[in-house]
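Notes for the structure review
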Amino acid sequence: MQDSKLRLGVNIDHVATIRNARGGDHPDPVRAAEIVSAVGGDGITAHLREDRRHIRDDDLKRIQDATDLPLNLEMAATDEMLAIALAHRPQAACIVPEKREERTTEGGLDAAGQHNHLQRYVHELTEAGIRVSLFIEPSERQLDAALRLGAPVVEFHTGEYAHAQLDGDRERLASELKRVSDMAALAAKNGIEPHAGHGLTYENVQPIAAIPQLAELNIGHYLVGEAVFVGLENAVRRMRELMDEAR
Ligand SMILES: CC(=O)[C@@H](O)[C@H](O)COP(=O)(O)O
Ligand SMILES: NCC(=O)COP(=O)(O)O
C-alpha cells in the first residue's frame, strides 16, 4: 500500500484554453499554477498538444520558473515532444495518446500494441531523470505492457468511470470502479505507482480517492470550470477536502 496521502495534481490546460479563445495573455496558466501552489496542491499537470490548443511551448518554462511544484508534462510519443521534454526536464512525463481531431483524450494509450514504438521514449526520458508515466486504461493487458516497458508509474484513464456516473448507470459505474481498484492493486503489487485521472469531479472523486494504492489524482477541466464560480483557490481546497475525507 502507498502512503495514505493522496497527491493532487492540478491540470491547468483549460486556463490556457480560455486565454487562447481571445489570443491574448489572460487568464495566464502561470497565475493558476501559483494559486495551486499557494493552496497546497501537490503538482501541476500540463498537456502540450501537437496543435497547441491550450498550453503553449513558452508556458512550460514560465510554469517551471513560477513554482517549486513538480511539473507533470503530458505528451504524445513523438520526436517533437521528446525534444521538448528533454529540453525542459519536468519532474514527470506522462505519455498520452493524442488525436488532433479529438475533443479530449478519449482513451488510454495502447502500450501493449505500441510497445516497440514506446520503448525509446520511456528509455530516453528515464535516462534524462524524468519519471515516466503511461496514461493507460485500467486493464491487465496494458498494465503488463507498462511493466515490460519499465515505466515506474501508470495513470489510469478514468473517463469511462466518469461517463458511467454522468449516465447514472450504477452497474457500469461499479464495474468501472472495480477495474480501477483491481488494477491499482495489481500495479502496486508489481512495484508500479498507480495514479488516476480524467473527468473527475466533486461528485465522482471519492470512490476513486478511497482506493488505497493510488498515489496521485490529476484533475483539471472540472476544477477550472468550478473556478469560474468559486475561484481556483476554493475549488482546489474543496477537491482536497473530498479526497482527504475519502481516505
Ligand atoms: C491527458 C488528459 O487527460 C488531460 O490532458 C486532460 O484531458 C486535459 O487535456 P485535453 O482536454 O486536451 O485532453
Ligand atoms: N490526466 C488527466 C488530467 O490531467 C486531467 O483530466 P481532466 O480532469 O481535465 O479530465
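Residues numbered from 1 in each chain as written. Chains lettered and ligands numbered in written order. Predicted model: local features only at pLDDT ≥ 70, side-chain atom pairs only at ≥ 80, totals over all residues.

The protein chain has the name Pyridoxine 5'-phosphate synthase in an unreviewed UniProt entry, where Alteriqipengyuania halimionae is given as its organism. Turning to the protein chain, the UniProt record has this under Sequence similarities (unreviewed entry): "Belongs to the PNP synthase family." Listed in UniProt under the heading Subcellular location (unreviewed entry), the comment for the protein chain reads: "Cytoplasm". (UniProt positions renumbered as here; feature names shortened; annotations may be inferred.)

**Things to note about the UniProt feature "binding site: 3-amino-2-oxopropyl phosphate" (unreviewed entry) in the protein chain**
Following the UniProt record, one finds the feature "binding site: 3-amino-2-oxopropyl phosphate" (unreviewed entry) at Asn11, Arg22, Gly199, Gly220 and His221. Taken along the chain, the residues just named run across 211 residues; in space they spread out, the farthest C-alpha pair reaching 25.2 Å. By the element assignment, Asn11 lies in strand S1 (residues 7–11). In this structure, Asn11 is in contact with Thr45, Ala46, Asn218, Ile219 and Gly220, ignoring residues within four places of it in sequence. Here Gly220 is to be found in the loop between strand S8 (216–219) and helix H10 (221–230). Judged by C-beta crowding, with 24 C-beta atoms within 10 Å, Gly220 ranks as buried. Once residues lying within four places of it in the same chain are set aside, the contact partners of Gly220 are Val10, Asn11, Ile12, Asp13, His14 and Thr45. (Helix = DSSP H or I, 4+ residues; strand = E, 2+ residues; numbered from the N terminus. Contact = placed C-beta atoms within 7 Å. Buried ≥ 20, exposed ≤ 12 C-beta atoms within 10 Å, placed from the backbone.)

**Side note on the site of ligand 2**
Lining the immediate environment of ligand 2, one finds 13 residues, of which Asn11, Gly197, Asn218, Gly220 and His221 sit closest. Listing elements by their share of the shell around ligand 2, those giving two or more residues are S8 and H10. Of the residues in the shell around ligand 2, the class split is four nonpolar, eight polar and one charged. (Near = placed C-beta within 6 Å. Nonpolar A, V, L, I, M, F, W, Y, C, P; charged D, E, K, R; others polar.)

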